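What the coordinates show
Here's the letter readout for the chains.
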Amino acid sequence: MQTQQINSTITPFHQKLNFPLTKKQITVLQINLGKRCNLACTHCHVEAGPKRQEELSPQVCAQIIQLIQKFPQIKIVDLTGGAPEMNYGFKPLLEASRAAKKQVIVRSNLTIYFEKGFGDLPEYFAKHQVRIVASLPCYLEDNVDKMRGTGVYKNSIKALQWLNKVGYGKNPDLILDLVYNPQLPFSDKFSLTPNQTQLEHDYKVFLQEHFDIHFNNLFTITNLPVGRAKLHLERKKLYAPYLNFLESHFNANTVENLMCRDLLSIDYLGNVYDCDFNQMMNLPAKTFRGENLTVSLLLATGSLDLIGEVQTAAYCYGCTAGCGSSCGGALV
Ligand code: SF4
Ligand code: SF4
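Residues numbered from 1 in each chain as written. Chains lettered and ligands numbered in written order. Predicted model: local features only at pLDDT ≥ 70, side-chain atom pairs only at ≥ 80, totals over all residues. Heavy atoms only, no water.

**As for the pairing of strand 5 (residues 176-180)**
On any regular strand, side chains alternate: one points to one face of the sheet, the next to the other face. The cut-off we apply is this: Burial classes follow relative accessibility: with a 1.4 Å probe on protein chains only, a residue under 20% of its type's maximum area counts as buried, one over 50% as exposed, and anything between as partly exposed. Runs of H or I in DSSP of at least four residues are treated as helices and runs of E of at least two as strands, each being numbered from the N terminus. Two strands make a pair as long as DSSP finds a minimum of two bridges between them.
Judged by how many residues are buried, strand 5 sits mostly within the fold: 5 of 5 residues are covered. Of the two faces of strand 5, the one lined by Leu-176, Leu-178 and Tyr-180 and the one lined by Asp-177 and Val-179 are each fully buried. Strand direction decides the pairing type here: strand 4 (residues 131-135) and strand 5, joined by 4 bridges, are parallel. What sits directly across from Ile-132, in strand 5, is Leu-176.

**A short note on the packing of helix 3 (residues 58-70) against helix 4 (residues 90-99)**
To describe two helices that pack against each other, one gives the angle between their axes and the distance between the axes. Note the threshold: Under this scheme, a helix contributes an axis fitted over its contacting stretch, all axes are lines through C-alpha atoms, and angles between N-to-C directions fall in the 0 to 180 degree range. Any angle from 65 to 115 degrees is called roughly perpendicular, while one under 35 is roughly parallel, one over 145 is roughly antiparallel, and all others are oblique. Crossings are classed by handedness, with left-handed meaning an anticlockwise turn of the near helix from the far one by less than a right angle and right-handed meaning a clockwise turn. By definition in these notes, contact holds between two residues if any of their heavy atoms fall within 4.5 Å. In the scheme used here, Gly and all other residues not listed as nonpolar or charged are polar, with Ala, Val, Leu, Ile, Met, Phe, Trp, Tyr, Cys and Pro taken as nonpolar and Asp, Glu, Lys and Arg as charged.
Interaxial distance between helix 3 and helix 4 falls to 10 Å at its minimum, and their mutual angle equals 15 degrees. Considering their axes alone, helix 3 and helix 4 lie roughly parallel with respect to each other. You can see that helix 3 and helix 4 cross each other, and the crossing is right-handed. Across the interface between the two elements, Cys-61, Ile-64, Ile-65 and Ile-68 of helix 3 pack against Pro-92, Leu-93, Ala-96 and Ser-97 of helix 4. Considering only residue class, the contact of helix 3 with helix 4 consists of 7 nonpolar, 1 polar and no charged.

**Focus on the site of ligand 2**
Note the threshold: Note on terminology: near, applied to a residue and a molecule or strand, indicates that one of the residue's heavy atoms is within 4 Å of it.
Around ligand 2, the structure places Leu-224, Leu-258, Met-259, Cys-260, Cys-275, Phe-277, Asn-278, Val-310, Gln-311, Tyr-315, Cys-316 and Cys-319. Here the shell around ligand 2 is built from residues that sort into 10 nonpolar, 2 polar and no charged.

**With respect to the packing of aromatic side chains**
Note the threshold: Pairing of aromatic rings covers Phe, Tyr and Trp, the last through its six-membered ring, and needs centres within 6.5 Å; plane angles under 30 degrees mean stacked, over 60 mean edge-to-face, and all others mean tilted. Look at NZ for Lys and CZ for Arg. If either is within 6 Å of the ring centre and within 35 degrees of the ring normal, a charge sits over the ring.
For the structure on display, the rule yields 15 aromatic pairs. Arranged with centres 6.5 Å apart and planes meeting at 75 degrees, the rings of Tyr-203 and Phe-215 form a pair that is edge-to-face. You can see Tyr-203 sitting in helix 8 (residues 196-211) and its partner Phe-215 sitting in the loop between helix 8 and strand 6 (218-220), a full 12 residues away along the chain. Judged on exposure class, the residue Tyr-203 and its partner Phe-215 are both buried. Clustering of aromatic rings is evident, with ring pairs tying together Phe-90, Tyr-113, Phe-114, Tyr-124, Phe-125 and Trp-162. Directly above the ring of Tyr-239 sits Lys-230, whose terminal nitrogen or CZ lies 5.4 Å from the centroid.

**Looking at unusual backbone geometry**
If you check the backbone angles, Leu-110 has positive phi at about 75 degrees while not being a glycine. By the element assignment, Leu-110 lies in the loop between strand 3 (103-108) and helix 5 (121-127). Using a relative accessible area of 0% as the deciding quantity, one classes Leu-110 as buried. The phi torsion at Lys-237 lies on the positive side, around 60 degrees, for a residue other than glycine. Mapped onto the secondary structure, Lys-237 falls in the loop between helix 9 (227-235) and helix 10 (239-248). Here Lys-237 falls in the exposed class, since its relative accessible area comes to 64%.

**Remarks on helix 7 (residues 152-165)**
Heads up, the condition is: Multiply 1.5 Å by the residue count of a helix minus one, and that product is the helix's expected span. Directions pointing from the helix axis toward each C-beta atom define the arc.
Taking 1.5 Å per residue as the helical rise, helix 7 with its 14 residues ought to reach 20 Å, and the 20 Å between its terminal C-alpha atoms agrees with that figure. Turning to helix 7, its buried residues are Val-152, Tyr-153, Ser-156, Ile-157, Ala-159, Leu-160, Leu-163 and Asn-164. The arc enclosing the buried residues of helix 7, seen along the axis, measures out at 165 degrees, which places them on a common side. Turned more than 90 degrees from where helix 7 packs its buried face, Lys-154 and Lys-165 sit exposed. Tucked into the core, helix 7 has its buried residues touching helix 5, strand 4, helix 6 (141-148), strand 5 and helix 8. A positive phi of about 115 degrees marks Gly-167, the residue just after helix 7.

**A closer look at the sheet that holds strand 3**
An order of 6-5-4-3-2-1-7-8 is seen for the 8 strands of this open sheet, with the pairing classed as mixed. The open sheet has two edge strands with one neighbour each: strand 6 and strand 8 (272-273). Where strand 5 and strand 6 come together, 3 bridges link them in parallel fashion. When the bridges of strand 6 are listed, Val-179 appears paired with Phe-219. The strands that helix 3 touches are strand 1 (28-32), strand 2 (76-80) and strand 7 (263-266); relative to strand 1, the one it contacts most, it runs at about 165 degrees.

**So, the environment of Met-281**
The topology assignment puts Met-281 in the loop between helix 11 (276-280) and helix 12 (295-301). Separated by 55 residues in the primary sequence, Met-281 and Val-226 have C-alpha atoms spaced 7.2 Å apart. What Met-281 contacts, discounting residues up to four positions off in sequence, is Val-226, Lys-230 and Tyr-315.

**A word on the pairing of strand 7**
Side chains Leu-263 and Ser-265 of strand 7 all project onto a buried face; the interleaved residues Leu-264 and Ile-266 project onto the opposite face, where all are buried too. In the sheet, strand 1 pairs with strand 7 via 4 bridges, with the strands oriented parallel. Looking at strand 7, one finds that Gln-30 is bridged to Ser-265. Both strand 7 and strand 8 contribute to a ladder of 2 bridges, which runs antiparallel. Paired with Ser-265 across the two strands is Tyr-273, which belongs to strand 8. Adjacent in sequence and paired antiparallel, strand 7 and strand 8 are bridged by 5 residues, among which Gly-270 carries a positive phi angle near 90 degrees.

Put into structure tokens, the structure is as follows:
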């Protein structure tokens, strides 16, 4: 009852904006290769884990490679998952993108390098000059292990030291960024994601002093109520209060830089979305003519710029609260 009342007070996101959220020219392809992951983090919006089987097929992988080769306007290919490294197509996509002179981002959970069959990854990444964006949701062990599982912090530290050893965080061509995620709330005392510049400083001081670890940038990300984060909030009866909190901190200045404006998000079946959150909530991108966008359609029409308006939902308040949030961190 109370949830319904609070729910009804949330302004539909498109109404809040007061104008259609349009796309700019597409420059980023973010590919979600599948849901397989060696971890099963409590906040995961993909609901990824070791038992998940969904992954790219050889056919869809070949189509995405065609896209990458065909469109010079694509500057960045961003590989995510699950653990992208564990899913079909990872190395072919990475190598095809580098051969086509794209910047490649790999969203890595770091611990994968210690799983059987993946011990070559740090050297492989360095060889291909891949940009690594690695999750480390806190610089303290307790918080990381609570969110990601026992022992994850220690392995993450070992992985970062390994990446430093092959040149990451030191050589200007080998960029290593870290990602901070807040803990999921257990009461309605919500807080905004901390200031990115200040937190980056704190991470750098702590990691250097304790482990001699160097990295480039810290990205602070807000938990959007999607996937496991949404399930957690619903279980604690905090889903609607959290959305209310996010809406009450809506910052119109973030809208210009929202990641959905110049990105296409592709799933393992070749469907296209405005972002990875819409992908997980099954809200497909629509063409100007109202069709669901797919990789096949992009290839057939010879254009990446077929979307009139970004599809939005209440969770978009997570990207626009306070300093904003995206796969590249704060927006303002
Ligand atoms: S948050 Fe990342 S590392 Fe954790 S389960 Fe999800 S995909 Fe895997
Ligand atoms: S969730 Fe964020 S990135 Fe996705 S459509 Fe909404 S505002 Fe854009």
